[in-house]
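Now for the letters of each chain:
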Amino acid sequence: TDAIALGRLAAFGRTLASIREPAKLAPRLAAALREGFSPGGVIIALRAGERASLVPVHTEPLELETRFPALESALTASRHDTEETGTWLATPLIASGWALGAVGVWLPGRQASPEELALLEAYACAAALALEGLRHDAAHEEARRAWERMVDAVPFALCLVDGRGRARRANRAFAALVKAPTTAIAGRPWLTLVPPAWGEGLASVLSAPGYGREVQLRAGPRTFGVSAYPIGAAGSGDAVLVFDDQTDRRRLQEQLIQSEKMS
């Protein structure tokens, strides 16, 4: 009945909310279609980009691979093909105006109603929106990891701070400098992370961040040149602090000066 079909569709929507990886969506969609249509076969194909070709990601039974060309033609519009041995239904997975892929079901020994095609389209719509969200999340996570790899490779200690005086993010060099885990830095006032003697100097560079301004700060035998560079919207107060360990450089300069004096 319609109520049962809608209930199964709603259950599929709840299932989609629990998926965290794009690769797990196709098996869940196939399982939902088996329950909703009792088909003789399900085939799902996706493409990695807007211009990429379709790639089958779920085919059961394997003999349904012969339907793959018809599935490609369903990227632009749904198909409802009635044959002597059954009915083939196929529809695109559309999100944000373009087809992420297509899904088809084979219903052997019977005809299918227009309502069944509409139901398949509803499953496909829900799956496409979920897949788009998962791909966006995966891309965002990869971008975050790439940022972390990049800033961790920089030889300077970096800390992003906001206009409210809180640290937002830092690289490993900064975490090592302040002796705190990188995961424990975000959200903390930057004043609580650095040595108390640094507070005035850091406040001075943050009050007017920009190129050419630098303060000298010491931590035991080490000397740091610290600069602040504004980021984000003008007037937001957001900035990145750059700590340049100048200890070896200054030691070399002092040795050169001493050598010149001796000569």
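Quick caveat: nothing in here was measured; it's all calculated off a predicted structure.

Q: Help me understand the pairing of strand S5 (residues 98-108) in this model?
A: Two faces make up the sheet, and in a regular strand the side chains alternate between them. In terms of residue burial, S5 counts as a mostly covered element, since nine of its 11 residues are buried. Bridging between strand S1 (residues 41-46) and S5 involves six bridges; their strand directions are antiparallel. The residue of S5 that forms the bridge with Leu 46 is Gly 101. For strand S4 (residues 86-95) and S5, the ladder comprises 10 bridges, and the chain directions are antiparallel. Of the residues in S5, the one forming a bridge with Leu 93 is Gly 101. Connecting S4 to the next strand, S5, in antiparallel fashion are two residues, including Ser 96 with a positive phi near 55°.

Q: Can you help me understand the sheet that holds strand S8 (residues 215-219) in this one?
A: Working definition: the strands of a sheet are paired by backbone hydrogen bonds and lie parallel or antiparallel to each other. The strand order across the open sheet formed by five strands is S7-S6-S10-S9-S8, and the pairing between neighbours is antiparallel. Edge positions in the sheet fall to strand S7 (167-170) and S8, since each has one partner strand and no second. The average angle at which neighbouring strand axes cross in this sheet is 30°, direction not considered. Sheet topology note: the strand S9 (residues 222-230)/strand S10 (residues 239-245) ladder contains seven bridges and is antiparallel. Looking across to S10, one finds that Phe 224 is bridged to Asp 245.

About the criteria used
- Residues numbered from 1 in each chain as written.
- Predicted model: local features only at pLDDT ≥ 70, side-chain atom pairs only at ≥ 80, totals over all residues.
- Heavy atoms only, no water.
- Buried < 20%, exposed > 50% of the residue type's maximum accessible area, 1.4 Å probe, protein only.
- Helix = DSSP H or I, 4+ residues; strand = E, 2+ residues; numbered from the N terminus.
- Pairing = 2+ DSSP bridges.
- Axes fitted to C-alpha atoms, helices over the stretch in contact; angles between N-to-C directions.

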